[in-house]
Amino acid sequence: MLQLTYVRTLVLFLLSCALLFAVYGLYLPLDVWLIGSALAGLAILNLVTFARLHSPWPVTEIELFSHFCADAVIFGFLLFQTGGATNPFIFLLLVPLLSAAATLSRGFVALMAVIVILLYTTLLQVYQPLLAPQASHQHSVLNLLDLHVTGMWINFLFTAVLVTWSISQMQQSLKQRESNLQREREKRIQDQQLLGLATMAAGTAHELGTPLSTLRITLSELAHTHPNDAELLEDVALMQEQVERCSQRLQQLAHQVRDDQPQAEALGKLLTRVLEEWSLMRPEVEFQLEPLNPQLEQARLLTSVSLQQALLNLLNNAADASPKGIEISVERDTSGIRLHIHDQGPGLPLEQADQLGKPFVTTKGRGLGIGLFLTATTLSQHQGEVRLYNHPAGGTLTEVLLPLLEEESTDG
């Protein structure tokens, strides 16, 4: 529909120029008011079509077909006033037919062809001649033929350019639509996979409550049964502590998922909290963070618990590959920030490079292939993405792209 407004605008400009040339250059006796009103009607229809594109309702085939019919009727009326089938611009009737052939189904295209053929056939017999019979003696047959041939050449040139441009634009729009549909299909499949994983995780968390309660009761009875065994009581206390930690972790996980609402936060604060938690989880890891400049440190972005967990997953992947010599840096560009994590591990296997990020695909022998999939999904929900490369100096370079808040990105 948008391409149709562009085509109409071009046709309106060219027809207006042709009308001015015919009246003031060739001095043809045309009814300027009728022709002008038809051009004005086409302009109004074009404005209404452009305004309609801003509505939320989708464009249907019947609606698009009605627009092509309106164009054909208006073109037919213009040709009726300017010589009918003798007008060298008679092939203007092919524009709505070609547009319909590029966008509509076979039935609508066939009906559009019938309408155009009927208009052409009618214009063979019924039309207003360009030259009145009494004035024909003022023009020789040769001059009329030259004028007609010249008009035919201009019309052919105009039709060729218009058809090439409009069809290519429509094909590009169709390809873009197909690409969008493909992305939506992939996203729906990804959401279904994520829902399946979430259901399994919720079921597993619920099922873990029963064995934890059993362990808690068993350990309590064991402590009461052997009150004088100091070594055993110490081990029981340690086990009770671990059971309580597991239970609290499950409750904390449920609360975090329920209350996980994105909020604005400074980049420096986010990185500090994530790296501190990571250091507690993996104290054996040695990493180096490139200092942030004050402006980048205060840059704000939307964060959430799930985003923090996604960054922790990527850091843990780097630590699993090589716990020594991990380099972390952040840079800013026009689209947001880029977080780089460079480990000194063996790098990515080329045969699995294209599959990384999909569920159950892993480069670890003991991994489930879920962490990177959940990380990529979480970053996508935050309008970001993750990319993995083999670094030229060895190891893997993990690149995380995240957008900044609008006020921050516009200031940069």
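Analysis parameters
- Residues numbered from 1 in each chain as written.
- Predicted model: local features only at pLDDT ≥ 70, side-chain atom pairs only at ≥ 80, totals over all residues.
- Heavy atoms only, no water.
- Salt bridge = Lys/Arg side-chain N within 4 Å of Asp/Glu carboxyl O.
- Helix = DSSP H or I, 4+ residues; strand = E, 2+ residues; numbered from the N terminus.
- Buried < 20%, exposed > 50% of the residue type's maximum accessible area, 1.4 Å probe, protein only.
- Pairing = 2+ DSSP bridges.
- Phe/Tyr/Trp six-rings, centres within 6.5 Å; stacked < 30°, edge-to-face > 60°.
- Axes fitted to C-alpha atoms, helices over the stretch in contact; angles between N-to-C directions.
- Contact = heavy atoms within 4.5 Å.
- Core = buried A, V, L, I, M, F, W, Y, C linked by side-chain atoms within 4.5 Å.

Asker: Got a minute to help me understand the pattern of salt bridges in this structure?
Answerer: Pairing of side chains with opposite charge becomes possible as their charged atoms draw close. Within this structure, the stated rule accounts for 11 salt bridges. Here E284 makes a salt bridge to R282, at a shortest N to O gap of 2.9 Å. Of the charged contacts, one joins R282 and D320 as a salt bridge, the two residues approaching to 3.0 Å between their closest N and O atoms. Taken as a pair, R282 in the loop between α8 (267–281) and β2 (287–289) and D320 in helix α10 (residues 305–321) lie far apart in primary sequence, 38 residues in all.

Asker: It is not clear to me how the pairing of strand β5 (residues 336–342) should be interpreted in this structure. Could you clarify?
Answerer: Note on strand geometry: in a regular strand, side chains alternate between the two faces of the sheet. Burial analysis of β5 places 7 of its 7 residues in the buried class, which makes it a mostly covered element. Remark: 2 residues form the turn of the hairpin made by strand β4 (residues 326–333) and β5, two consecutive strands paired antiparallel. In this structure, β5 lies alongside strand β7 (residues 396–402), joined through 6 bridges in antiparallel fashion. Paired with H342 across the bridge in β7 is L397.

Asker: Please explain the packing of aromatic side chains as it appears in this structure.
Answerer: Two aromatic rings are characterised by how far apart their centres lie and by the angle between their planes. Tallied over the full model, the rule gives 2 aromatic pairs. The interplanar angle of 45 degrees and the centroid separation of 5.2 Å between the aromatic rings of F65 and F108 together place this pair among those described as tilted. Taken together, the residues span a long stretch of sequence, with F65 in helix α3 (residues 61–81) and F108 in helix α5 (residues 106–125) at a distance of 43 residues. Ring plane angle 40 degrees and centroid distance 5.3 Å describe the contact between W278 and F287, whose orientation is recorded as tilted. What makes W278 buried here is its relative accessible area of 1%.

Asker: When you look at the sheet that holds β4 in this model, what are you seeing that I'm missing?
Answerer: Across a sheet, paired strands are connected by hydrogen bonds in the backbone, their directions being either parallel or antiparallel. Judged by pairing direction, the sheet is mixed, and its 5 strands sit side by side in the order β2-β4-β5-β7-β6 without closing on themselves. One side of each edge strand has no neighbouring strand; the edge strands of this open sheet are β2 and β6 (385–390). In this sheet, adjacent strand axes meet at a mean angle of 20 degrees when their direction is disregarded. In the packing of α8 onto the sheet, contacts are made with β2, β4 and β5, and the angle to β4 comes to roughly 165 degrees.

Asker: When you look at the nonpolar core in this model, what are you seeing that I'm missing?
Answerer: One broad rule of soluble globular proteins: the nonpolar side chains tend to lie buried together. Counting residues in hydrophobic clusters, the biggest one holds 36 residues, and the most contacted among them are L78 and M112. Elements that contribute at least two residues to this core include exactly α1 (2–24), α2 (32–52), α3, α4 (94–103) and α5. Ignoring any residue separated from it by four or fewer positions in sequence, one finds L78 in contact with L15, I35, A38 and L39. Core analysis: the next-biggest nonpolar cluster, separate from the first, contains 30 residues, W278, L314, I337 and V400 among them.

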